[in-house]
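The lines below spell out each chain.
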Amino acid sequence: MINKFYEPLYVTRPLLPGIEEVNKRMKEIWESKWLTNNGVQHKKLENELKSYLDVEHISLFNNGTLALLLGLKSLDLTGEVITTPFTFPATVQALDWNGLTPVFCDIDPDTLNIDANKIEALITEKTSAILGVHVFGNPCEVEKIQSLADKYNLKVIYDGAHAFGTRIDGKPISSFGDMTMFSFHATKLFNTVEGGALAFKDEKLNKKLNLLKNFGLAGPEEVVLSGLNAKMNEVQAGIGLEVLKIVEAERAKREVIRNTYETYLAGIPGIRILTGLKGENSSYQYFVIEIDEEKYGRSRDWVHEELKKYNVFTRRYFYPLCSDFGWYLHLESAKTENLPRAQKAVKQVLSMPYYGELETESVEKICTILKEKIHVKVVALNN
Ligand code: T4K
């Protein structure tokens, strides 16, 4: 019999710098008496991220959702935006808050990203952009998406909430499309407690984004557009600077954990490990499996519940599908029959515990539990 874990195992734990380093950083901030509005820490983090992520232009925000919302706003989009139903609600809510209508496109069954081959059929004269999500940090088919965008004169925005540090053949993920959003939420590989950023190509957007995230203020007494307050503060930025120092070490630990999962899950019928990029190309954000009930003998939901008995709290990211939200049900593109692969994935995908501090013995034990729960139906042969 396998005993339950003494401490709960969650899908992730935040990457925390040492408290002494954080205290030192906080002392600096306290002494400066400058807590927000483009302070010293903010500028330092912006510069360090520019070089870490290898991007030309970056703008920091107080969370990823507002970064995406205002990024979309800055591009003056109208009408319809083609996107994926298999994502966190924030992706489509950023469209809603811009008065844009999502047009849901089915997903690629391997990567679980928007299926680039299905986008063209959804383009109408109302389409102004494609909003792809690099789901679990694996890149969309960026070249195909760009060629469609070029053909129909569309903008391309990527929700790269999970894609911090992802590269495609050595090229930083943000070099594709017009704009990429990163989330720095506590649950992300790189965090600023809450936070986010936009990386973009067009230098002119810098000024506009600065206005949009700061009430449209062009000067102390000059308001030039209707903005919001979406600034990253000094405490967030200061913590980010400390977290950035330990990101590489965390990535190395996650590489070991991923390999351990791969070794121990190999050969279990009905369990597919989601395609994951390796080495410098990977964001090491999530470790995700797909459970095929026919072959494994148990459903994803059964496994999700069963593991709780062992104190293991997996997550059904991204359940429910965004296209099933009540306010989209009238949309043709949201209809179940138009999204067969997304409808399948949403019943099979499970995010497993994945963070640097997770011990390899714990990973082995989780895999052993999964092995023991295989329930292959034995079909009696009548001869
Ligand atoms: N686009 C995509 C594709 C996204 O996935 C997200 C966010 C966004 C946009 C929006 O970016 P942000 O505005 O958030 O920057 C979590 C995160 O809150 C969310 O950022 C993330 N995606 C989403 C996938 O996951 P929940 O509701 O699952 O979080 P929660 O609180 O249940 O945390 C998950 C587990 O993490 C907990 O069971 C335990 C652990 N945890 C969590 C927190 C907050 C800790 O150990 N410590 C903590 O402080 O959404």
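Calculation notes
- Residues numbered from 1 in each chain as written.
- Predicted model: local features only at pLDDT ≥ 70, side-chain atom pairs only at ≥ 80, totals over all residues.
- Heavy atoms only, no water.
- Helix = DSSP H or I, 4+ residues; strand = E, 2+ residues; numbered from the N terminus.
- Contact = heavy atoms within 4.5 Å.
- Near = heavy atom within 4 Å.
- Polar contact = N/O pair within 3.5 Å; in protein donor to acceptor, adjacent residues only side chain to side chain.
- Nonpolar A, V, L, I, M, F, W, Y, C, P; charged D, E, K, R; others polar.
- Domains from an automatic or database assignment.
- Phe/Tyr/Trp six-rings, centres within 6.5 Å; stacked < 30°, edge-to-face > 60°.
- Lys NZ or Arg CZ within 6 Å of the ring centre and 35° of its normal.
- Buried area = accessible area lost by both parts, 1.4 Å probe.
- Pairing = 2+ DSSP bridges.
- Axes fitted to C-alpha atoms, helices over the stretch in contact; angles between N-to-C directions.
- Left-handed = near helix turned anticlockwise from the far one by under 90°.
- Buried < 20%, exposed > 50% of the residue type's maximum accessible area, 1.4 Å probe, protein only.
- Arc of directions from axis to C-beta.
- Right-handed = clockwise from strand over helix to strand, strands pointing away.
- Core = buried A, V, L, I, M, F, W, Y, C linked by side-chain atoms within 4.5 Å.

## Here we look at the environment of Leu274
Here's step 1: The residue Leu274 is located in the loop between β13 (271-273) and β14 (287-291) in this model.
Here's step 2: Ignoring any residue separated from it by four or fewer positions in sequence, one finds Leu274 in contact with Asp110, Thr111, Leu112, Phe136, Asn138, Arg258, Val288 and Ile289.

## Focus: the site of the ligand
Here's step 1: Residues in contact with the ligand amount to 25 residues; listed here are only the nearest, Thr65, Asp159, Ser183, Arg315 and Tyr317.
Here's step 2: In this structure, an oxygen atom belonging to the ligand sits 2.6 Å away from a side-chain N or O atom of Thr65.
Here's step 3: In this structure, an oxygen atom belonging to the ligand sits 2.7 Å away from a side-chain N or O atom of Ser183.
Here's step 4: Of all the secondary structure elements, the ones that give two or more residues to the shell around the ligand are α3 (64-74), α4 (89-96) and β9 (179-183).
Here's step 5: Grouping the amino acids of the shell around the ligand by side-chain chemistry returns 10 nonpolar, 11 polar and four charged.
Here's step 6: Both of domain 1 (19-244) and domain 2 (249-382) provide at least three residues apiece to the shell around the ligand.

## Comments concerning the packing of aromatic side chains
Here's step 1: Taken as a whole, this structure holds 19 aromatic pairs when the rule is applied.
Here's step 2: Following the ring pairs from residue to residue traces out a cluster consisting of Phe86, Phe88, Phe136, Tyr286, Tyr317 and Phe318.
Here's step 3: Sitting over the ring of Tyr354, Arg254 keeps its end group 5.6 Å from the ring centre.
Here's step 4: Sitting over the face of the ring of Trp302, Arg298 holds its NZ or CZ atom 3.9 Å from the ring centroid.

## Considering the domain arrangement of the chain
Here's step 1: You can read the domains of the chain as domain 1 (19-244) and domain 2 (249-382).
Here's step 2: Put simply, the middle of domain 1 and the middle of domain 2, counted by C-alpha atoms, are 27 Å apart.
Here's step 3: Listed by partner, the interface residues are 40 residues for domain 1 and 37 residues for domain 2.
Here's step 4: Both faces considered, domain 1 and domain 2 share a buried interface measuring about 3000 Å² in area, 61% of it formed by carbon and sulfur atoms.

## Focus: the sheet that holds strand β2 (residues 57-61)
Here's step 1: Reading across from one edge, β2-β10-β9-β6-β5-β3-β4 is the order of the seven strands in this open sheet, with mixed pairing throughout. Edge positions in the open sheet fall to β2 and β4 (101-104), since each of these has one partner strand only. Averaged over neighbouring strand pairs, the angle between their axes works out to 25 degrees when direction is ignored.
Here's step 2: Alignment of β9 against strand β10 (residues 196-200), held across five bridges, turns out to be antiparallel.

## Concerning the packing of helix α2 (residues 40-53) against helix α7 (residues 234-244)
Here's step 1: Two numbers describe how α2 lies on α7: the axes approach to 8 Å, and their chain directions differ by 40 degrees. At the point where α2 passes α7, the crossing takes the left-handed sense. For the pair formed by α2 and α7, the contact residues are Val40, Gln41, His42, Lys44, Leu45, Glu48, Leu49 and Tyr52 on the first element and Glu234, Ala237, Gly238, Gly240, Leu241 and Leu244 on the second.
Here's step 2: Tallied by class, the residues present in the contact of α2 with α7 amount to seven nonpolar, four polar and three charged.

## Brief notes about unusual backbone geometry
Here's step 1: For the bond running from Tyr317 to Phe318, omega is 0 degrees, close enough to zero to count as cis.
Here's step 2: You can see Phe318 is positioned in the loop between β15 (312-313) and α11 (340-348).
Here's step 3: Look at Phe136: it is not a glycine, yet its phi comes out positive at around 60 degrees.
Here's step 4: Residue placement: Phe136 occurs in the loop between β5 (127-133) and α5 (142-152).
Here's step 5: Positive phi, close to 75 degrees, is recorded for Val193, a residue that is not glycine.
Here's step 6: With respect to the helices and strands, Val193 occurs in the loop between β9 and β10.

## Considering α5
Here's step 1: Taken as a whole, α5 has its buried residues at Val142, Ile145, Leu148 and Ala149. In a view along the axis of α5, the buried residues occupy a sector of 130 degrees, so they form one face of it. Exposed and oriented more than 90 degrees from the buried face of α5 are Glu143, Asp150 and Lys151.
Here's step 2: In this structure, the buried side of α5 is in contact with β5, β6 (155-159) and β7 (167-168).
Here's step 3: Directly beyond the C-terminal end of α5, a positive phi value near 55 degrees is found at Asn153.

## Some remarks on the environment of Leu131
Here's step 1: Along the polypeptide, Leu131 turns up in strand β5.
Here's step 2: As a C-alpha pair, Leu131 and Tyr158 span 27 residues in sequence and 5.6 Å in three-dimensional space.
Here's step 3: Setting aside anything within four residues of it in sequence, one finds Leu131 in contact with Leu68, Val81, Ile82, Thr83, Thr84, Thr91, Leu95, Ile157, Tyr158 and Asp159.

## Topic: the pairing of β4
For a regular strand, side-chain orientation follows a simple rule: the groups alternate between the two sheet faces.
Here's step 1: Across four bridges, the pairing between strand β3 (residues 80-83) and β4 is parallel. Across the sheet, residue Glu80 finds its bridge partner in β4, namely Thr101.
Here's step 2: With α4 bridging β3 and the parallel β4, this β-α-β connection has right-handed handedness.

## Focus on the nonpolar core
Here's step 1: If you look at the biggest cluster of nonpolar residues, it comprises 44 residues, and the most contacted ones within it are Leu45, Leu49, Ile119, Ile145, Phe164, Phe184 and Phe190.
Here's step 2: When contributions to this core are tallied by element, the ones reaching two or more residues are α1 (19-32), α2, β2, α5, β6, β10 and α7.
Here's step 3: Broken down by element, the residue count for this core peaks at five residues, all from α7.
Here's step 4: Formed by 27 residues, the second largest nonpolar core is a distinct cluster that contains Ile289, Tyr310, Met352 and Ile369.

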